[in-house]
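A closer look at the structure
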Amino acid sequence: MQTEKDLKSLAKEAKQRLKSGFWQKYGSEVRVSTNTAKTEGVSESVVINYYQNKENVAIKKTRSDSESFYDKVRKILDEKGQVGNIISLLIDHDEYDALPYERKQKYILELSAKYLEALERYKTEKKFDQK
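Anyway, here's the lowdown on the structure attached to this text.

What counts and what doesn't
Residues numbered from 1 in each chain as written. Predicted model: local features only at pLDDT ≥ 70, side-chain atom pairs only at ≥ 80, totals over all residues. Heavy atoms only, no water. Core = buried A, V, L, I, M, F, W, Y, C linked by side-chain atoms within 4.5 Å. Buried < 20%, exposed > 50% of the residue type's maximum accessible area, 1.4 Å probe, protein only. Helix = DSSP H or I, 4+ residues; strand = E, 2+ residues; numbered from the N terminus. Contact = heavy atoms within 4.5 Å. Salt bridge = Lys/Arg side-chain N within 4 Å of Asp/Glu carboxyl O. Patch = residues over 30% accessible without salt bridge, like charges linked within 9 Å, V, L, I, M, F, W, Y side chains within 5 Å. Areas by Shrake-Rupley, 256 points an atom, 1.4 Å probe, with all protein chains shown as cover. Expected span 1.5 Å × (residues − 1). Arc of directions from axis to C-beta.

Some points on the nonpolar core
Residues Phe69, Val73, Ile87, Leu90, Ile91, Leu111 and Tyr115 are the most contacted members of the largest nonpolar core, which totals 19 residues. Only α3 (44-80), α4 (86-90) and α6 (101-130) provide two or more residues apiece to this core. Sorting elements by how many residues they give to this core places α6 first, with seven residues. The residues touching tyrosine 115, leaving out its near neighbours within four places in the chain, are Phe69, Val73, Leu77, Gln82, Ile86, Ile87 and Leu90.

So, in structure tokens, the structure goes:
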């Protein structure tokens with residue numbers, strides 16, 4: 001129950017960050033970096049590629065970790081069933097503890113989404129395994 005409240009409060013805070021203009025600030029950061037690069041004689045495309053690659057590296061890491069994540073979810077579901085503190089069981093504390101507060105919130109929401117996808121896959125596989 002406590003984890004559920006924490007997740008709700010984290011979601012509320014994430015929504016507040018979105019309302020506060022996080023993406024506008026991010027966009028202005030990219031524009032400032034681009035302008036700075038221009039004044040230093042560096043191509044704008046280098047800066048844009050940097051920001052895009054930064055996101056692509058995170059996506060590739062997520063894809064390669066997805067199978068191990070699913071295995072972890074499957075193991076928990078097989079042993080304990082659906083439990084209320086599943087998110088706390090799935091958190092990688094080595095990564096999570098090093099994150100700043102805002103990124104921790106995003107991490108929890110992303111982890112929740114990954115769990116829901118893994119749960120759907122688990123249910124589908126169990127349904128077909130029983131037939």
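Some thoughts on the pattern of salt bridges
Should their charged atoms come close, side chains of opposite charge can pair. Here the structure, examined in full by the defined rule, presents five salt bridges. Residue glutamate 110 pairs with arginine 103 through a salt bridge whose shortest N-O separation is 3.5 Å. One network of salt bridges, with partners in common, ties together Arg103, Lys106 and Glu110.

Things to note about a nonpolar patch on the surface
A contiguous nonpolar surface patch, about 330 Å² in accessible area, is contributed by Leu18, Phe22 and Trp23. Position of phenylalanine 22 among the secondary structure elements: in helix α2 (residues 22-39).

Concerning the environment of serine 112
Checked against the element boundaries, serine 112 lands in helix α6. Residues serine 112 and isoleucine 86 lie 26 residues apart in sequence; the distance between their C-alpha atoms is 9.1 Å. Leave out the neighbours within four places in its chain, and serine 112 touches Leu7 and Ile87.

Focus on α2
Taking 1.5 Å per residue, 18 residues should reach 26 Å; α2 reaches 26 Å between its end C-alpha atoms and fits that length. Listing the buried residues of α2 in full gives Val30, Thr34 and Ala37. Seen from one end, α2 has its buried residues packed into an arc of 65 degrees, which puts them on one side. Pointing more than 90 degrees away from the buried face of α2 are the exposed residues Gln24, Lys25, Arg31, Val32 and Thr39. At the C-terminal side of α2, glycine 41 shows a positive phi close to 85 degrees.

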